[in-house]
Amino acid sequence: MSKVKPFNISKQVVWEAYKRVKANKGAAGVDEETIAEFEEDLKDNLYKLWNRMSSGSYFPPPVRLVEIPKGKESTRPLGIPTVTDRIGQMVVKLYLEPEVEPHFHPDSYGYRPGKSALEAVGVARKRCWQYDWVVDLDIRGFFDNIDHTLMMRAVRKHTECTWILLYIERWLKAPVQREDGRCEDRDRGTPQGSVVSPLLANLFLHYGFDEWMRKTCPRIPFERYADDIIVHCVSEQQAKWIKRKIEQRMKQCKLELHPEKTKIVYCKDDRRGGNYSHEKFDFLGYTFRPRTSKTRAGKYFVNFSPAMSDAATKKIWCTIRSWRFHRRSDKSLEDLSRICNSIVRGWINYYGQYYKSALHRTFYLFNCILRKWAMRKFKKLKGRLTRATYWLGRLARRQPGLFAHWQFGCTPTAGR
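A. Examining helix 3 (residues 42–55) more closely. With 14 residues, helix 3 ought to run about 20 Å at 1.5 Å a step, and its terminal C-alpha atoms sit 20 Å apart, in line with that. Listing the buried residues of helix 3 in full gives Leu-42, Asn-45, Leu-46, Leu-49, Trp-50, Met-53 and Ser-54. Buried residues of helix 3, seen end-on, are gathered within an arc of 160° and therefore sit on one face of the element. Next to the buried residues of helix 3 lie helix 1 (11–24), helix 2 (35–38), helix 4 (83–100) and helix 8 (162–173). Of the residues flanking the end of helix 3, it is Gly-56, one or two places downstream, whose phi is positive at about 85°.

B. Looking closely at the state of the cysteines. Enumeration according to the criterion identifies zero disulfides in this entry. Looking at Cys-253, it has no disulfide partner, and the nearest cysteine sulfur is the one in Cys-217, 14 Å off. The exposure class assigned to Cys-253 is buried, which follows from its relative accessible area of 7%. Looking at Cys-410, it has no disulfide partner, and the nearest cysteine sulfur is the one in Cys-368, 12 Å off.

C. Representation of the environment of Ile-339 within the structure. With respect to the helices and strands, Ile-339 occurs in helix 12 (residues 333–351). When the C-alpha atoms of Ile-339 and Trp-323 are compared, they prove to be 8.5 Å apart, with 16 residues separating the residues in sequence.

D. View of the sheet that holds strand 7 (residues 228–233). Pairing within the open sheet is antiparallel, and its four strands lie in the order 6-7-3-8. Across the chains shown, the open sheet's two edge strands, defined by having one partner strand only, are strand 6 (222–225) and strand 8 (263–266). Sheet twist, expressed as the average angle between the axes of neighbouring strands with direction ignored, equals 20°. Examined bridge by bridge, strand 6 and strand 7 share four bridges and lie antiparallel to one another.

E. Layout of the packing of helix 4 against helix 8. It is the contact of helix 4 with helix 8, at a shortest axis distance of 11 Å, that shows an interaxial angle of 135°. One element, helix 4, and the other, helix 8, form an angle in the oblique class. Our pair here, helix 4 against helix 8, has a crossing hand that is left-handed. Contacts between helix 4 and helix 8 involve Asp-85, Gly-88, Gln-89, Val-91, Val-92, Tyr-95 and Leu-96 from the former and Trp-163, Ile-164, Tyr-167, Ile-168 and Trp-171 from the latter. Across the contact of helix 4 with helix 8, the residue classes tally to nine nonpolar, two polar and one charged.

Criteria and thresholds
Numbering of residues starts from 1 in each chain and follows the order in which that chain's sequence is written. In keeping with the predicted nature of the model, local features appear solely for residues at pLDDT of at least 70, side-chain atom pairs appear and are counted solely at 80 or more, and the whole-chain, interface and lining totals rest on all residues. The side-chain quantities take in all heavy atoms of the structure and omit both hydrogens and water. Secondary structure follows DSSP: runs of H or I at least 4 residues long count as helices, runs of E at least 2 residues long count as strands, and numbering of each begins at the N terminus. By definition here, a helix of n residues has an expected span of 1.5 Å times n minus one. Residue exposure (1.4 Å probe, protein chains only): buried if accessible area is under 20% of the type maximum, exposed if over 50%, otherwise partly exposed. Throughout, the arc means the angular range of directions from the helix axis out to the C-beta atoms. Contact definition: two residues touch when any of their heavy atoms are within 4.5 Å. To count as a disulfide, a pair of cysteine sulfur atoms needs to be within 2.5 Å. Two strands form a pair only when DSSP identifies at least two bridges running between them. Interaxial angle, 0 to 180 degrees, is taken between N-to-C directions of lines fitted to C-alpha atoms, where a helix line uses only the stretch in contact. Here roughly perpendicular refers to angles of 65 to 115 degrees, roughly parallel to angles under 35, roughly antiparallel to angles over 145, and oblique to all remaining angles. Helix crossings are classified by the rotation of the near helix relative to the far one: an anticlockwise turn of less than a right angle makes the crossing left-handed, while a clockwise turn makes it right-handed. Nonpolar residues are Ala, Val, Leu, Ile, Met, Phe, Trp, Tyr, Cys and Pro. Charged residues are Asp, Glu, Lys and Arg, and all others, Gly as well, are polar.

Structure (structure tokens):
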């Protein structure tokens, strides 16, 4: 007769959690075990996890902490749990998310089913046309500074399930292991990179910001993607007022707005005269600023709209250079397209939604790299820049589907 477990956790949910973790891929944690290695004894490993979680004896191992580049000189800490721990967190997420999701604000877009960053950018664009001012909010070290007591209070508003509360608290307190092997205890924060952190972060800011805005400033619209927040205002005076109010609210939540990165922005266009110290802001990989556009009748005007940011452009260009196509003369064009097309389509699908011409310069440079490849690959094109350009251009016209950016309309110049 099998012993009854104190916690009723479905084996089917554990299996579903494993499938989702596998689909998300991810690096190994502190135990250096990869997903492939975990799968070598998959049935037994999943049973052990279910057994320990169901009995209350599961204690998460330390989270491996790596520093990834952010901007020119700064880095961002990324936490990498073990494969087993990621599956355990996914189990909790699968149980908890349906309970909290219906309560979230419609203008919260980050890490939510049926919501996307592009949707947030589109709504922000529309509201920038309607409202003259924006408060661009930056919460200093949000994920690293979430207060555990306030976090658990928010979770308890939506579940009384003992094992969910138990494991969330254990994950919040789990130590981090730095790259030099040192382990550090944590009394606040939830590591970016863990499976459950996005859901917890959304829940924290649902009460810390979204609900507070709904109750205190119901007529002031905003878009929030995790901790990236844009607030729209009708005047500079209102923008200054709401900025002060939000600063006070963040202090109540034991958080702080970054004094330099948080700014008031004027959404300048043809209808709005005057100047202001800040007339642009970045949001989800797009830069919003005054841009020249053309009406269907062919007339030019200036509107305040988004396009791919300089930071995103540099990141894309670094990726293209890392492929080193101009040195891979042993490969065919078909080989090169297989390497890059899925990634390039992702860029087009995201950054090509608004002011897509911002992508053209990047893809022009990509064509230059392909031209260099052709000049190294074929003796008849070696040292002949114009001939290589014509050759690549004619190929693009014959096979426009070979490269994703050619389908986008960014083909090499040929026959001009």
